[in-house]
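# Close look at the chain arrangement
Listed below are the residues making up each chain.
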Amino acid sequence: MSLSVEETLALLSVIDEDNVEKQTAEELVNLLKSKNFGNPFSIGSALALLLEQPELICSPGQKIACMILLYSLFKSDEKHIHPFTGFFLQILASTPEGSKFGGLGALTPTERAFLGKLIAGKATELLKKTPSQILAAAVEAEEPPVGELIALKKKLDERQAEYPLYMKVGVSTVLPMPESKTPLRTTGPEVSAAKISEMLLTSQYDVLGDRIAPEFVRLAPPLYVAQDELVWLTTQDLSVFRPLFDTCENLPPSTPIEEAEALFVKGFDTVLTLSQQQAVQSHLENDYSFVLNAGLTPEKLPGLVENNPIIAIEVLLHLMNTSQITDYLSILVNMEMSLHSMEVVNRLTSTVDLPPEFIHLYISNCISTCETIQDKYMQNRLVRLVCVFLQSLIRNKIINVQEVFIEVQSFCIQFSRIREAAALYRLLKQLETGEPLPGGSSPNSK
């Protein structure tokens, strides 16, 4: 992943000290794009490496230029988070003490304010100046846009919550020499910062690759003793084989959080006891991230709903403000209708504001299921459940009745022989004529 000699020289020429003094930030960005580098991420990693090693950057203007060029390499918007967002936030949080131990060099108030504006998308006017002019501008008295940076950090945390823990740690592959009270004896001519940068970026070692992190080690799977043990080596259809090996299956959990994770996974397939449910819920209240670490996916949600609806409700409530909630709600809408699924949906609608299209789609799914089921006993039972569910939504003003009036009225007429359907039909007529509902409720839904 290291740069070629030509790419390194081209990059260093863009951030050359004389070049940075003469050209505006926008001109430097256009100059970098004109070089037609093959892999933008490699160039970004090289710029990040230079910013991590302040000794390799001769002037403050070059540091500002590296920040601008690194940010300009990738698009950052609502859908695409900048791949170096975590790096930028790490720079903003750096301290003077951090640089003494191989960390990032601390920023001056001016540099900190500018970088905050840059990654928050509020530095458009400043980019028309040269890096030196940006430093001379009166931005040192300003603080970075805290609100935008907090929102950016939250978005980054949601993205990184999907990653395994061992991928979130690591140290830089390049460490500066620590300060020494005793001068080092050197031989030969002094090597310039530019020459050191060139040697690093063109190194045969992968200094621009992943950080040094602990290796993820697991035991080799045991051999399966059977005549067709190695059939997968010669099979033509690999789609019929699914890896199910789990080396930790028979190992007892060693910590409370591991016990909660094991119980949570068990809840996908079996009904947990009351004490087991309480153990899982207590951890959910303190830290719901263990749910994702335990392997919950939208495809596994139906099993959790049917076996442990109370836990499913808590999980969905915790995930409500995350970007993954749409996938989970889509699965919930389209899963087979049952008492437990209606219990989960009813609890969600009374606790949080769900998208109206989600509720309407679920109502349509319930009605369709009642109409197509062949078993008369089960049909009558489900119709009763759906009617009670719909009355609850109407009386609590969860749905706009006018948007589903025709569909629900047709459903009531079709099953008018059932007492609950007749009661629901009378409720619709009361709403249509404007009569007050029992208990003094207004007939107008939201």
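Let me begin by describing the structure that accompanies this report. In this text, all values refer to a predicted model and were calculated from it rather than measured experimentally.

Their axes nearest at 10 Å, the elements helix α12 (residues 274-286) and helix α15 (residues 309-318) cross at an angle of 10°. Between α12 and α15, the angle is such that the two are roughly parallel. Contacts between α12 and α15 involve Q277, V280, Q281, L284 and E285 from the former and I310, I311, E314, V315 and H318 from the latter. Considered class by class, the residues forming the contact of α12 with α15 number five nonpolar, three polar and two charged.

This part is about the packing of aromatic side chains. Applying the stated rule across the entire model yields eight aromatic pairs. Ring geometry for F74 and F84: centres 6.0 Å apart, planes at 40°, overall tilted. Of this pair, F74 sits in the loop between α5 (60-72) and α6 (85-92) while F84 sits in the loop between α5 and α6; the two residues are 10 residues apart in sequence, bridging distant segments of the chain. On the accessibility criterion, F74 (22% relative accessible area) is partly exposed. Judged by relative accessible area, which is 7%, F84 ranks as buried. Summarising the aromatic geometry, the rings of Y362 and F389 are spaced 5.9 Å apart at their centres and angled 80° between planes, so their arrangement reads as edge-to-face. Of this pair, Y362 sits in helix α18 (residues 356-372) while F389 sits in helix α19 (residues 376-395), placing them 27 residues apart in sequence. Among the residues examined, F389 registers a relative accessible area of 6% and is labelled buried. Of the aromatic side chains, those joined through ring pairs into one cluster are F41, F74 and F84.

For the pair helix α1 (residues 5-14) and helix α10 (residues 193-201), the least separation of the axes is 9 Å and the interaxial angle reads 140°. The pairing of α1 with α10 is recorded here as oblique in orientation. The hand of the α1/α10 crossing is right-handed. Counted together, V5, T8, L9, L11 and L12 of α1 and A194, S197, E198 and L201 of α10 form the full contact between these two elements. Class assignment for the residues of the contact of α1 with α10 results in six nonpolar, two polar and one charged.

Calculation criteria
- Residues numbered from 1 in each chain as written.
- Predicted model: local features only at pLDDT ≥ 70, side-chain atom pairs only at ≥ 80, totals over all residues.
- Heavy atoms only, no water.
- Axes fitted to C-alpha atoms, helices over the stretch in contact; angles between N-to-C directions.
- Helix = DSSP H or I, 4+ residues; strand = E, 2+ residues; numbered from the N terminus.
- Parallel < 35°, antiparallel > 145°, perpendicular 65-115°, else oblique.
- Contact = heavy atoms within 4.5 Å.
- Nonpolar A, V, L, I, M, F, W, Y, C, P; charged D, E, K, R; others polar.
- Phe/Tyr/Trp six-rings, centres within 6.5 Å; stacked < 30°, edge-to-face > 60°.
- Buried < 20%, exposed > 50% of the residue type's maximum accessible area, 1.4 Å probe, protein only.
- Left-handed = near helix turned anticlockwise from the far one by under 90°.

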